[in-house]
Amino acid sequence: MQVISFMAIKGGVGKTTMAFQFAKFLQTQDQKVLMIDLDAQKSLTGTFENEHFNFSGKPTIADVLEKPSSGLIETQVQDNIAIIPSTSNLEEVADRLASKPNRELLLFMWFVKNVQELNQTYDYIIIDLPPVWNLLSKNGVAVADKIISPYGTKSIWV
Ligand SMILES: Nc1ncnc2c1ncn2[C@@H]1O[C@H](COP(=O)(O)OP(=O)(O)O)[C@@H](O)[C@H]1O
Ligand SMILES: [Mg+2]
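What you are looking at is a predicted structure, and each value in this text was computed from that prediction instead of being measured. Residue positions within a chain follow its written sequence, with the count starting from 1. By the order in which they are written, chains take letters starting at A while ligands take numbers starting at 1. Only residues with pLDDT of at least 70 get local features here, since the model is predicted, and only at 80 or more are side-chain atom pairs given and counted; chain-wide, interface and lining totals rely on the full set of residues. Calculation of side-chain values draws on the structure's entire complement of heavy atoms; hydrogens and water are dropped beforehand.

Student: Whenever I open this one, the overall build of the chain confuses me. Can you help?
Tutor: A run of DSSP states H or I qualifies as a helix once it reaches four residues; a run of E qualifies as a strand once it reaches two. Both are numbered from the N-terminal end. When helices and strands are counted, the chain shows six helices and six strands. Along the chain, helices and strands appear, N-terminal first, in the series β-α-β-α-α-β-β-α-α-β-α-β. Put simply, the radius of gyration uses C-alpha atoms, and a globule should come to 2.2 Å times the residue count raised to 0.38. Computed over C-alpha atoms, the radius of gyration of the chain comes to 15 Å, within 12% of the 15 Å expected from 2.2 N^0.38 for 158 residues, which places it in the range of a compact globule. With respect to the principal axes defined by its C-alpha atoms, the chain has extents near 50 × 35 × 30 Å. Whether a residue is buried, partly exposed or exposed follows from its accessible area with a 1.4 Å probe, protein chains only, as a fraction of its type maximum: under 20%, in between, or over 50%, in that order. Out of the 158 residues in the chain, the part that is buried amounts to 46%. Taking the intrachain contacts of the chain between residues at least 6 apart in sequence as the baseline, contacts between residues at least 24 apart amount to 78%. Any two residues whose heavy atoms approach within 4.5 Å are treated as being in contact.

Shown next as structure tokens:
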């Protein structure tokens, strides 16, 4: 299992698009993918909602951060693709967690707790991060084997 986080301290550079397209590519290669949306703007979650998937009442990444001792709580959205969706109050949840010890390692603790099952179930975990260096992006970076940081989607020459 490999964990790949899409990270840039800038919005609109293609993080979410690349994370989604990379997952779709891996799906065609028969790889099992877990996506994690750590951005309160929910763009990745919204991409699946646009495909008529309804996450209301489903567990979100806020549940993982609030309780790193939870088990696997992802939602299967397509063949070989599952997601832990985001929630619009994720920033508030992050603010509440800001005084916790190890607050940058909450996702890491959840990974450690579930590593065996994650390893058995998934080939790739792909994490979409917010465009800022905050508690949420730090959690996503702390678990990553690789970080992909898109520079931008527009040429600086035109
Ligand atoms: N390779 C690309 N070429 C052209 N437009 C792109 C490309 N990747 C993303 N976009 C567009 O750029 C905008 C921002 O992309 P997005 O993935 O949401 O960025 P981020 O997650 O970094 O904020 C979207 O409208 C998206 O459709
Ligand atoms: Mg995004």
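Student: Honestly, the packing of aromatic side chains in this entry has me stumped. Any pointers?
Tutor: The description of an aromatic ring pair uses the distance of the two centres, along with the angle that the planes make with each other. Paired rings are identified among Phe, Tyr and Trp, the last through its six-membered ring, by centres lying within 6.5 Å, and are further divided according to the angle between planes into stacked (under 30 degrees), edge-to-face (over 60) and tilted (the rest). Applying the stated criterion across every chain yields a total of five aromatic pairs. Between the aromatic rings of W110 and F111, the centroid separation amounts to 5.6 Å while the plane-to-plane angle is 75°, which identifies the pairing as edge-to-face. This pair shows no difference in class: W110 is buried, exactly as F111 is. Put simply, the rings of F6, F22 and Y124 pair up and form one aromatic cluster.

Student: Help me understand helix α1 (residues 15-28), please; the structure alone is not making it clear to me.
Tutor: Since the α-helix turns once every 3.6 residues, residues separated by three or four places project in the same direction. Helix length check: α1 (14 residues) gives 20 Å between terminal C-alpha atoms against 20 Å at 1.5 Å per residue, within 8%. Here α1 has its buried residues at K15, T16, A19, F20, A23, L26 and Q27. One side of α1 holds all its buried residues, which, seen down the axis, span an arc of 130°. Exposed residues pointing more than 90 degrees away from the buried face of α1 are listed as T17 and T28. Packed against the buried residues of α1 are β1 (2-6), β2 (33-37), α2 (43-50), β3 (75-78), β4 (81-84) and β5 (124-128). D30, located one to two residues past α1, shows a positive phi value of around 65°. Given a helix with a known number of residues, its expected span is that number minus one, times 1.5 Å. Working note: the arc is built from the helix axis to C-beta atom directions.

Student: Teacher, can you tell me more about the site of ligand 1 here?
Tutor: Nearness is defined per residue: one heavy atom within 4 Å of the molecule or strand is enough. Looking at ligand 1, there are eight residues lining it, with G12, G14, K15, T16 and T17 nearest. Two N or O atoms count as a polar contact when they lie within 3.5 Å, although within protein this holds only if one can serve as hydrogen donor and the other as acceptor, and sequence-adjacent residues are included solely when both atoms are side-chain atoms. T17 places a side-chain nitrogen or oxygen 2.5 Å from an oxygen atom of ligand 1. Coverage of ligand 1 by the protein amounts to 48% of the 560 Å² it exposes when considered alone. Its residues assigned to classes, the shell around ligand 1 shows one nonpolar, six polar and one charged. Exposure was quantified through the Shrake-Rupley algorithm and a 1.4 Å probe, taking into account, for residues, occlusion by the shown protein chains and nothing else. The nonpolar class holds Ala, Val, Leu, Ile, Met, Phe, Trp, Tyr, Cys and Pro. Asp, Glu, Lys and Arg form the charged class, and all remaining residues, Gly among them, are polar.

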